[in-house]
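Each chain is listed here by its residues.
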Amino acid sequence: MQKKLFCVLIIFFVATQFSFAQQIKKVIISGYGGQHDLDVRTAFLIGYNSYNDLPSLWDNTSFPGEVILYSNTLQASFDYAVANDYDLIIRSTTGLSTGLRLAPNYPDVKLVMPAGSNEFVQVFFGDVITSPVVITGAGIDSNQTGYKVEFYSIDPITIYNSSSFSNGYIAGQLAFIANTLNCSFDSARVLARNKGSENGIIDFYNGFGEIYPENIITTPLPVELTSFTATLINQDVLLNWQTATEVNNYGFEIERSALSAERQAWKKVGFVNGSGNSNSPKDYSFIDKELLPGKLSYRVKQIDNNGNFKYSDIVNVNLVTKDFKLYQNHPNPFNPTTRIKFSVPERNNVNIKIFNMIGQEIQEIVNQEYEAGNYNVEFNASNLASGVYFYRIQSGNFVESKKMIYLK
């Protein structure tokens, strides 16, 4: 793959925005030993720095971890990785069927290996999206060896269409993405699928194409929100939003503001869990209830598993007062004051009284005319005993009562 030039501004952005702990620290090159395994190791280091235009960085210091050669079977490599806390195995030889059989038994160790040799030995024709193995191939304009792969690249050592070292190169790119964004290796795979040369579309020969780390690391929160709408349903607001892709997505906080967005008077009103990692559209919804009429604004705050977040666009609704409405007092229970909210659809006299448990009137707190709108009044119970009370609103033919609890 041709290295992409990277401007100083973006390098600075990456260095300051993503200074997190490394996710891939210990790597095994598993094969038969010798120069071939050494070249796969070199390909990994080149791939890790494929975003950078400085060849001087292609050395042991560029990857901030350990890369060892382990000449043994794949089974022995997995066992060694688990026993010694290695994160990633790059298999330098064919043997994909063995990798597919063993990988599900070692979920904490990621495996990257070629789909098969140039002679079509043990080629892969399964589902690359659900595969526990990152299956790689080689090619310049296409994977010329003809088997199904997840990603492809040229051989960075010989610059030919040989699959011998492209698996190391691709593993290095994915490790760099995971470490830079502080996300899992699988999250880096999902990102690479959607930001690769095939733009999220899988092709039989190319898979998802080449990986472009520079297109990925400039997106600190890899969750693509494609729509966000608000719909009035009676006196409730239904919020719907959709994501095209998700990586490392913890979830969404729903925020509401009754003032203009410029005032930033936002209040969290709910939370919806995210899908974590997803390569397909996901739909979400939330219903906001018990609302006072008026002009309301909504936004969702997308949060990733590292605590980073970003906001959606803002949607607005106008909740018109159509009926008399008495709301639950807040706080409840209370001590010694609480607020009682109510809505009036047209000019009318409003009367609100407080009663005890046996129906005796305790206090009249409102008795006056109000224009159409939303109102709230304060009730102070400091001169009353703790207990259960009722408040009743009467305006024309509208009468409604609610219970409240006073706790000293």
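Residues numbered from 1 in each chain as written. Predicted model: local features only at pLDDT ≥ 70, side-chain atom pairs only at ≥ 80, totals over all residues. Heavy atoms only, no water.

Chemist: Describe the overall build of the chain, listing the residues and the values that go with them.
Modeler: Each helix and strand in the chain was counted, giving seven helices and 20 strands. Taking all 408 residues of the chain together, the buried fraction comes to 49%. Restricting the contact set of the chain to residue pairs at least 6 apart, pairs at least 24 apart contribute 61%. For the chain, the accessible surface area stands at approximately 18900 Å², while carbon and sulfur atoms represent 50% of it. (Helix = DSSP H or I, 4+ residues; strand = E, 2+ residues; numbered from the N terminus. Buried < 20%, exposed > 50% of the residue type's maximum accessible area, 1.4 Å probe, protein only. Contact = heavy atoms within 4.5 Å. Areas by Shrake-Rupley, 256 points an atom, 1.4 Å probe, with all protein chains shown as cover.)

Chemist: Let's hear about the sheet that holds strand β18 (residues 373–380): which residues, and what values?
Modeler: Taken in spatial order, the three strands line up as β14-β15-β18 in an open sheet, and their pairing is antiparallel. In the strand order of this sheet, the two ends are held by β14 (325–326) and β18, each with one partner. As judged from the two bridges shared by β14 and strand β15 (residues 337–344), these two strands associate in the antiparallel manner. Across the sheet, Leu-326 pairs through a bridge with Phe-342, a residue of β15. (Pairing = 2+ DSSP bridges.)

Chemist: So, the pattern of salt bridges: which residues are in play, and what are the values?
Modeler: When the charged atoms of two side chains with opposite charge come close together, those side chains can pair. Inspection of every chain in the model, using the stated rule, returns twelve salt bridges. Between Arg-299 and Glu-255 there is a salt bridge, and its shortest N-O distance comes to 2.8 Å. One end of the pair, Arg-299, is in strand β11 (residues 294–304); the other, Glu-255, is in strand β8 (residues 236–257), and 44 residues separate them in sequence. Assigned by exposure class, Arg-299 and Glu-255 land together as buried. The salt bridge involving Glu-369 is made with Arg-347; its shortest N-O contact spans 2.5 Å. Separated by 22 residues along the polypeptide, Glu-369 in strand β17 (residues 361–370) and Arg-347 in the loop between β15 and β16 (348–355) bring together distant segments of the chain. Residues participating in the shared-partner salt-bridge network are Lys-110, Glu-150, Asp-186, Arg-189 and Arg-193. (Salt bridge = Lys/Arg side-chain N within 4 Å of Asp/Glu carboxyl O.)

Chemist: Provide a residue-level description of helix α2 (residues 35–48), including the pertinent values.
Modeler: Helix length check: α2, at 14 residues, gives a terminal C-alpha distance of 20 Å against a target of 20 Å (1.5 Å per residue), a fit within 8%. All of the buried residues along α2 are Asp-37, Asp-39, Val-40, Ala-43, Phe-44, Leu-45, Ile-46, Gly-47 and Tyr-48. Those residues of α2 hidden inside the fold are in contact with β1 (26–31), β2 (66–71), β3 (88–91) and α5 (166–181). (Expected span 1.5 Å × (residues − 1).)

Chemist: Requested: an account of the packing of α5 against helix α6 (residues 185–195), with residues and values cited.
Modeler: Relative orientation of the contacting elements α5 and α6 amounts to 110 degrees, with a least axis distance of 8 Å. With respect to each other, α5 and α6 are oriented roughly perpendicular. Counting all contacts with α5, which are made through Ala-171, Leu-174, Ala-175, Ile-177, Ala-178 and Leu-181, the residues of α6 involved are Phe-185, Ala-188, Arg-189, Leu-191 and Ala-192. (Axes fitted to C-alpha atoms, helices over the stretch in contact; angles between N-to-C directions. Parallel < 35°, antiparallel > 145°, perpendicular 65-115°, else oblique.)

Chemist: So, the confidence of the model for the chain: which residues are in play, and what are the values?
Modeler: The predicted structure's coordinates, where accompanied by low pLDDT, should not be read in detail. For the chain, the average pLDDT comes to 82, and 85% of its residues sit at 70 or higher. Contacts for the low-pLDDT stretch residues 1–22, under 50 throughout, to residues beyond four places or in other chains number 40 contacts. Here residues 54–61 scores under 50 on pLDDT; set against residues more than four positions off or in separate chains, the count is nine contacts. (pLDDT = per-residue confidence, 0-100.)

Chemist: I'd like to hear about the sheet that holds β1, residue by residue, with values.
Modeler: Hydrogen bonds between backbone atoms are what pair the strands of a sheet, whose relative direction is either parallel or antiparallel. The six strands lie next to each other as β2-β1-β3-β4-β5-β6, forming an open sheet whose pairing is parallel. Pairing within the sheet leaves two strands with one partner each, and these edge strands are β2 and β6 (151–153). In this sheet, adjacent strand axes meet at a mean angle of 25 degrees when their direction is disregarded. Where strand β4 (residues 110–114) lies against strand β5 (residues 133–138), four bridges are found, and the strand directions are parallel. In the sheet register, Pro-114 faces β5, and the bridge partner there is Thr-136. Running at roughly 125 degrees to β5, α5 makes contact with β3, β4, β5 and β6 of the sheet.

Chemist: Tell me about the nonpolar core, and please be specific about residues and values.
Modeler: Judged by nonpolar contacts, the single largest core of 62 residues is most densely connected at Val-27, Phe-44, Phe-78 and Leu-88. Tallying contributions element by element places α5 first for this core, with nine residues. Setting aside chain neighbours within four positions, we find Leu-88 in contact with Ile-24, Lys-26, Val-27, Ile-28, Phe-44, Lys-110, Val-112, Ala-171 and Phe-185. Counting residues in each nonpolar core, the second largest holds 21 residues, with Val-366, Tyr-370, Ala-381 and Met-404 among its members. (Core = buried A, V, L, I, M, F, W, Y, C linked by side-chain atoms within 4.5 Å.)

Chemist: Please give an account of the packing of aromatic side chains that cites residues and values.
Modeler: Under the defined criterion, the tally for this structure stands at 20 aromatic pairs. Plain terms: the ring middles of Phe-334 and Tyr-406 are 5.4 Å apart, the flat faces sit at 20 degrees to each other, and that makes the pair stacked. Here Tyr-406 lies in strand β20 (residues 398–406) and Phe-334 lies in the loop between β14 and β15, a separation of 72 residues in the sequence. In this structure, Lys-26 is placed above the aromatic ring of Tyr-86, and the distance from its NZ or CZ to the ring centre is 4.4 Å. (Phe/Tyr/Trp six-rings, centres within 6.5 Å; stacked < 30°, edge-to-face > 60°. Lys NZ or Arg CZ within 6 Å of the ring centre and 35° of its normal.)

Chemist: Residue-level account of the side chain of Thr-93, with values.
Modeler: For Thr-93, the location among the structural elements is in the loop between β3 and α4 (96–102). For Thr-93, a relative accessible area of 11% translates into the label buried. For Thr-93, the side chain forms a polar contact with the side chain of Arg-91, separated by 3.2 Å. (Polar contact = N/O pair within 3.5 Å; in protein donor to acceptor, adjacent residues only side chain to side chain.)

Chemist: Give a description of unusual backbone geometry that names residues and reports values.
Modeler: A cis amide bond, omega -5 degrees, links His-330 with the succeeding residue Pro-331. Along the chain, Pro-331 turns up in the loop between β14 and β15. Cis geometry marks the peptide bond from Asn-335 to Pro-336; its omega dihedral reads -10 degrees.

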